[in-house]
Amino acid sequence: MSQLRIGIRLKLLLLSLFLFAIPWLGYKYVWELESYLRLGQEQTMVGTARAVATALHERPTLFDNQAAYLKDVKPGTDLYAHKIMQPIQLDGDLTDWQDYRHLALDYGEQNLIDPVADYHPQSLHFTHMVGQFGPYLYAMFEVTDDKVLLRPQNSLRIDRNDHLQIALIDPQGEFQRYIVAPVKPGWVNAYQLDSETDSLRPLRLETRIQGDWRSTPDGYNIELRFPLNMMSSKIAFAIVDVDDAKTRLKQYSVGTANPSQSDSLGTVLVPSPEIENIIKGLKYSNARVWVVDNHMRVLARSGSIHSSTGVKTDDSNSRDKSWWQGFERRWLLPLYYQILTKPPADFVDELQDAYALQGQDIANALAGKPDSLWRLSSDNKAVILSAAHPIFIDEKVMGAVVVEQTTHGIRTLRNKALEGLFHVILAVMTLGTLALFLFASRISSRIRKLRDQTESAIDQHGKIIGTIPASKTGDEIGDLSRTFHSVLGKLGQYNTYLENMASRLSHELRTPVAVVNSSLENMALEEQSEDNKQYIDRAQQGIKRLSKILNNMSEATRLEQAMMVSEQEKFKLAELLNGCIEGYRMAYPERQFKLDINSVETGISGSPELFAQMLDKIVTNAVEFSETQSTICFECSDKSGKLQLSISNQGALLPEKMQTQLLDSMVSVRPQNDTRQPHLGLGLYIAKMIAEYHQAQISIANLSDSAGVVVKIIINKT
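Residues numbered from 1 in each chain as written. Predicted model: local features only at pLDDT ≥ 70, side-chain atom pairs only at ≥ 80, totals over all residues. Heavy atoms only, no water.

Got a minute to help me understand unusual backbone geometry in this structure?
Residues apart from glycine generally show negative phi values, whereas peptide bonds are mostly found in trans. In this structure, Glu-395 is a non-glycine residue whose phi angle is positive, near 60 degrees. Inspection of the secondary structure puts Glu-395 in the loop between strand E16 (383-393) and strand E17 (396-406). Here Glu-395 falls in the exposed class, since its relative accessible area comes to 76%. Positioned with a positive phi, Gln-695 is a non-glycine residue whose angle comes to about 55 degrees. Its place among the elements puts Gln-695 in the loop between helix H11 (683-693) and strand E23 (696-702). (Helix = DSSP H or I, 4+ residues; strand = E, 2+ residues; numbered from the N terminus. Buried < 20%, exposed > 50% of the residue type's maximum accessible area, 1.4 Å probe, protein only.)

Structure representation (structure tokens):
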């Protein structure tokens, strides 16, 4: 597996990733800033609740008629008059109540005035609610009655039939009772009863109580309206069921409270118009404001939570007036909002029609301690902050002010800040990365150019064949280029000196060697003693060895020059091998030579004389390192479109660490004490030069069975 190469450009790009720490820090800073903005919003909300509560402190008249002094509130008995947005048409059709039907209460067995053991829900039960619009209180009754009996025509009794009883305390504190008992479905008014609680005798027709009675398949519907100034806060409604047409006795009576007992009446909480007028201007404060009594029932409210974002933001479409703003809106912002969260355009407000609130902040406020609360909307789309502050009257908590806002404004401001931050970061990162990339590309291109110049200045044999131009730039790479230029120049001079030294030394030494050799030959012609003759023989052997060394020193230079002027020709490799083998058998009779040619008929281009000289160098090494009478094998075959020539011998193995170096110049593995022949380590180097001349590849290695050494030559066919 090759090692992964990482260039300068990639390294600088990787280092540029640390620049992303800057946007991360900016992102964390904006989020931290949002937490401080939320803290500021919380303090502002508490201050707003305190300011509104201050306007309501010590004003008992605002709470006198709101049942705020009750110690307990009974659901179903103590009623809440929901604020109705449009007046109700009194026609017995409950369609006008459709938007408020979820606020209606069911009355049945648990609301029997006089409990009976044989009560059947299908015989009588109803759904009821009250609402307020302007100066009127509206009431609706959806009655399920299996047998409806209306008042007979011209009957003076109004209680011997199905009817509705109403009891209330008027503004003067008097207990008043009324009955609605029509003779036929349609428009109805109420009859005021005698003040005696045991009497159901009508006194007069009360035209202020108006309504409509409509029959239905399951019973009947009643819609009523009467002025709020008819009552204080005490009221009760009861539906009386009469099923026996003969006896016309009351069978069931189901209601909010017992209308015959003034002390059992429930209360009706009507949103206070006085309080609403006080907080009406707060709808411009970008917050929703509630005022609740000490039973957490809503007395007044102002504003909408969907528009209570806390901070006003400009969401106009003026951003699309320029090409940049269009590009930002179409491309950048969708990318940013893969990370950012945009406040939802709408969310579920579970308190939209609430008539009573709950929460720990309100409970703490009613206990006399201001508090705030963070909560999620029911659909988890919005974060809502509420702050509650108590309302004091005579040092007693009579209610609380609750102010609500969402964090949409803060989230929008956060997104705006992050959008601007991302713009800057994107520009800086893009320009910075591009600049680093161009800088790295410039540096790497100069380094590659210097590398290419260095490689082209030296051939594959290590010979200096060119030079490196000196750069004029003043940086480190320019300085390195000038250094390479200087070093390469000095090495070129030194290599030239070394290349010429062998021929010069050979030329200079040949004359004294010839003089010494001729002198020794002349001395050998004269009569010498045995001792002198022995010394002369030794001197002549040394001169021969010295002459051979000089010949070897100049052989490589002569060979290189010969290859430069030699013309290539096409010759048959098989014929050349056969001729060479015959010569080797005569030259080395103590060795056996074997030639195996496998259908090699293709010729090669080159010089047969040089190729034979290459074989001579290889065979010389094979003979020197093989055993006497051993076989030197030649094998030539055609493999994968190339000729492969293998020359193997049995004998000493190559050192493991020297196999790749034996083809280099001046490398030899012969023992240092072998003085029989001079060896300069040029034989295989010359063979390598000749092989490359023939565009062949030569290698040397130990045999797979470790019996000897093999030299392989792979030659391209022509």
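Just to check I follow, could you spell out the side chain of Asn-221 for this structure?
With respect to the secondary-structure elements, Asn-221 resides in strand E9 (residues 219-227). Asn-221 sits in the buried class, given a relative accessible area of 9%. Looking at Asn-221, its side chain comes within polar contact range of the main-chain oxygen of Gly-92, at 3.4 Å. (Polar contact = N/O pair within 3.5 Å; in protein donor to acceptor, adjacent residues only side chain to side chain.)

Explain the pattern of salt bridges to me, please; I cannot follow it from the model alone.
Between side chains of opposite charge, a pair can form when the charged atoms approach closely. In this structure the tally under the stated criterion is 15 salt bridges. Of the charged contacts in the structure, one is a salt bridge between Arg-101 and Glu-142, with a shortest N-O distance of 2.3 Å. Of this pair, Arg-101 sits in the loop between strand E1 (79-83) and strand E2 (105-107) while Glu-142 sits in strand E4 (residues 136-145), placing them 41 residues apart in sequence. Overall, Glu-142 belongs to the partly exposed group, its relative accessible area being 28%. One salt-bridge network, held together by shared partners, links Arg-288, Asp-349, Glu-350, Arg-375 and Glu-404. (Salt bridge = Lys/Arg side-chain N within 4 Å of Asp/Glu carboxyl O.)

So what exactly am I meant to see when it comes to the packing of helix H2 (residues 21-56) against helix H6 (residues 408-457) here?
The axes of two packed helices give the description: the angle between them and the distance between them. Here H2 crosses H6 at 160 degrees, and the two axes come no closer than 10 Å. Considered as vectors, H2 and H6 are oriented roughly antiparallel to each other. For H2 against H6, the interelement crossing comes out right-handed. Between H2 and H6, the residues in contact are Pro-23, Gly-26, Tyr-27, Val-30, Trp-31, Glu-34, Leu-37, Arg-38 and Gln-41 and Ile-410, Arg-411, Arg-414, Ala-417, Leu-418, Leu-421, Phe-422 and Ile-425, respectively. Its residues assigned to classes, the contact of H2 with H6 shows eleven nonpolar, two polar and four charged. (Axes fitted to C-alpha atoms, helices over the stretch in contact; angles between N-to-C directions. Parallel < 35°, antiparallel > 145°, perpendicular 65-115°, else oblique. Left-handed = near helix turned anticlockwise from the far one by under 90°. Contact = heavy atoms within 4.5 Å. Nonpolar A, V, L, I, M, F, W, Y, C, P; charged D, E, K, R; others polar.)

I keep staring at the packing of aromatic side chains and nothing clicks. Help me out?
When we look at a pair of aromatic rings, we describe it by the centre distance and by the angle of the planes. Taken as a whole and judged by the stated rule, the model has nine aromatic pairs. For the ring pair Phe-126 and Phe-141, a centre distance of 6.0 Å and an interplane angle of 55 degrees mean the geometry is tilted. Note that Phe-126 is positioned in strand E3 (residues 124-133) and Phe-141 in strand E4, a separation of 15 residues in sequence. For the pair formed by Phe-126 and Phe-141, the shared burial category is buried. Ring geometry for Phe-141 and Phe-237: centres 5.4 Å apart, planes at 65 degrees, overall edge-to-face. Of this pair, Phe-141 sits in strand E4 while Phe-237 sits in strand E10 (residues 234-241), placing them 96 residues apart in sequence. As far as burial versus exposure is concerned, Phe-141 and Phe-237 are alike and both buried. Each member of the aromatic cluster is reached from another via a ring pair, and the members are Tyr-107, Phe-126, Phe-141 and Phe-237. (Phe/Tyr/Trp six-rings, centres within 6.5 Å; stacked < 30°, edge-to-face > 60°.)

When you look at the packing of helix H9 (residues 573-587) against helix H10 (residues 608-624) in this model, what are you seeing that I'm missing?
The N-to-C vectors of H9 and H10 enclose an angle of 45 degrees; their axes lie 11 Å apart at closest approach. The angle between H9 and H10 places the two elements in the oblique class. Viewed along their axes, H9 and H10 form a crossing whose handedness is right-handed. Note on element contacts: H10 touches H9 through Pro-608, Phe-611, Ala-612, Leu-615, Asp-616 and Val-619, opposite Leu-573, Leu-576, Leu-577, Cys-580 and Tyr-584. Here the contact of H9 with H10 is built from residues that sort into ten nonpolar, no polar and one charged.

Help me out: how do you make sense of the sheet that holds strand E24 (residues 708-716) in this one?
Strand-to-strand pairing in sheets goes through backbone hydrogen bonds, with the strands running parallel or antiparallel. A sheet is described by the order of its strands in space; here five strands give the open sequence E19-E21-E22-E24-E23, paired in mixed fashion. If you trace the sheet from one side to the other, it starts and ends with strand E19 (592-597) and E23, each paired once. For this sheet the average axis-to-axis angle between neighbouring strands, irrespective of direction, equals 15 degrees. With six bridges connecting them, E19 and strand E21 (residues 631-639) associate as parallel partners. Residue pairing across strands places Gln-592 opposite Thr-631, the latter belonging to E21. Taken strand by strand, H9 contacts E19, E21, strand E22 (642-650) and E24, and its axis lies near 170 degrees from that of E19. (Pairing = 2+ DSSP bridges.)

Please clarify how the pairing of E17 should be interpreted in this entry.
The buried fraction of E17 amounts to ten of the eleven residues, a majority that puts the element mostly inside the structure. Sheet topology places strand E13 (residues 288-293) next to E17; six bridges connect them, and they run antiparallel. Counterpart to Val-291 in the pairing with E17 is Val-401. Pairing of E16 with E17 involves ten bridges; the strand directions are antiparallel. Counted as the bridge partner of Ile-384 is Thr-406 from E17. Connecting E16 to the antiparallel partner E17 that follows it, the hairpin turn spans two residues, and Asp-394 within it adopts a positive phi of roughly 55 degrees.

Even after reading the chapter, I still don't get the pairing of E13, so can you show me in this structure?
Look at any regular strand and the pattern is simple: side chains alternate between the two faces of the sheet. The element E13 is largely enclosed, with a buried count of six among its six residues. Alternating residues of E13 divide into Arg-288, Trp-290 and Val-292 and Val-289, Val-291 and Asp-293, and every residue in both groups is buried. Sheet topology note: the E13/strand E14 (residues 298-302) ladder contains four bridges and is antiparallel. By the bridge assignment, Val-289 is partnered in E14 with Ser-302. Connecting the antiparallel pair E13 and E14 is a turn made up of four residues, with Met-296 showing a positive phi of about 65 degrees.

Hey, could you run me through H10 in this one?
Note that an α-helix has 3.6 residues per turn; residues three or four places apart therefore point the same way. Across its 17 residues, H10 extends 24 Å between first and last C-alpha, which sits within 8% of the 24 Å expected from 1.5 Å per residue. Along H10, twelve of the 17 residues are buried, which leaves the element largely enclosed by surrounding structure. Along H10, the residues classified as buried are Pro-608, Leu-610, Phe-611, Ala-612, Met-614, Leu-615, Lys-617, Ile-618, Val-619, Asn-621, Ala-622 and Val-623. (Expected span 1.5 Å × (residues − 1).)

Please clarify how the environment of Leu-200 should be interpreted in this entry.
If you trace the backbone, Leu-200 turns up in the loop between strand E7 (186-193) and strand E8 (202-216). Distance from Leu-200 to Arg-177, taken between C-alpha atoms, is 9.0 Å for residues 23 residues apart in sequence. In contact with Leu-200, not counting residues within four places along its chain, are Ile-158, Asp-159, Gln-165, Arg-177, Ile-179 and Leu-193.

Help me out: how do you make sense of a nonpolar patch on the surface in this one?
Side chains of Tyr-29, Leu-33, Tyr-36, Leu-37 and Leu-39 sit close together on the surface and give an oily, nonpolar patch of about 530 Å² of accessible area. Within the fold, Tyr-29 resides in helix H2. With a relative accessible area of 57%, Tyr-29 lands in the exposed category. (Patch = residues over 30% accessible without salt bridge, like charges linked within 9 Å, V, L, I, M, F, W, Y side chains within 5 Å. Areas by Shrake-Rupley, 256 points an atom, 1.4 Å probe, with all protein chains shown as cover.)

Explanation requested: empty space enclosed by the protein in the structure shown.
Leftover empty space is mapped by rolling, across the atoms, a probe with the size of a water molecule. Under the criterion given, the structure shown has two cavities of 30 Å³ or more. Put simply, the largest cavity is a space of about 50 Å³. Tyr-80, His-82, Lys-83, Pro-271, Glu-276, Val-298, Leu-299, Ala-300 and Arg-301 are the residues that line the largest cavity. At four residues, the largest contribution of residues to the lining of the largest cavity is made by E14. Reported here for the second largest cavity is a volume of approximately 40 Å³. Around the second largest cavity, the lining residues are Gln-165, Ile-166, Ala-167, Arg-177, Tyr-178, Leu-193, Pro-259 and Ser-260. The set of elements that each furnish at least two residues to the lining of the second largest cavity consists of strand E5 (163-169) and strand E6 (175-180). Per-element accounting of the lining of the second largest cavity gives the leading share, three residues, to E5. Residues that form the lining of the second largest cavity fall into these classes: five nonpolar, two polar and one charged. (1 Å grid on protein atoms, 1.4 Å probe; cavity = no way out; pocket = protein on both sides within 12 Å on 5 of 7 lines; lining within 4 Å. Points joined across faces, edges and corners; volume = space filled by probe spheres on them.)

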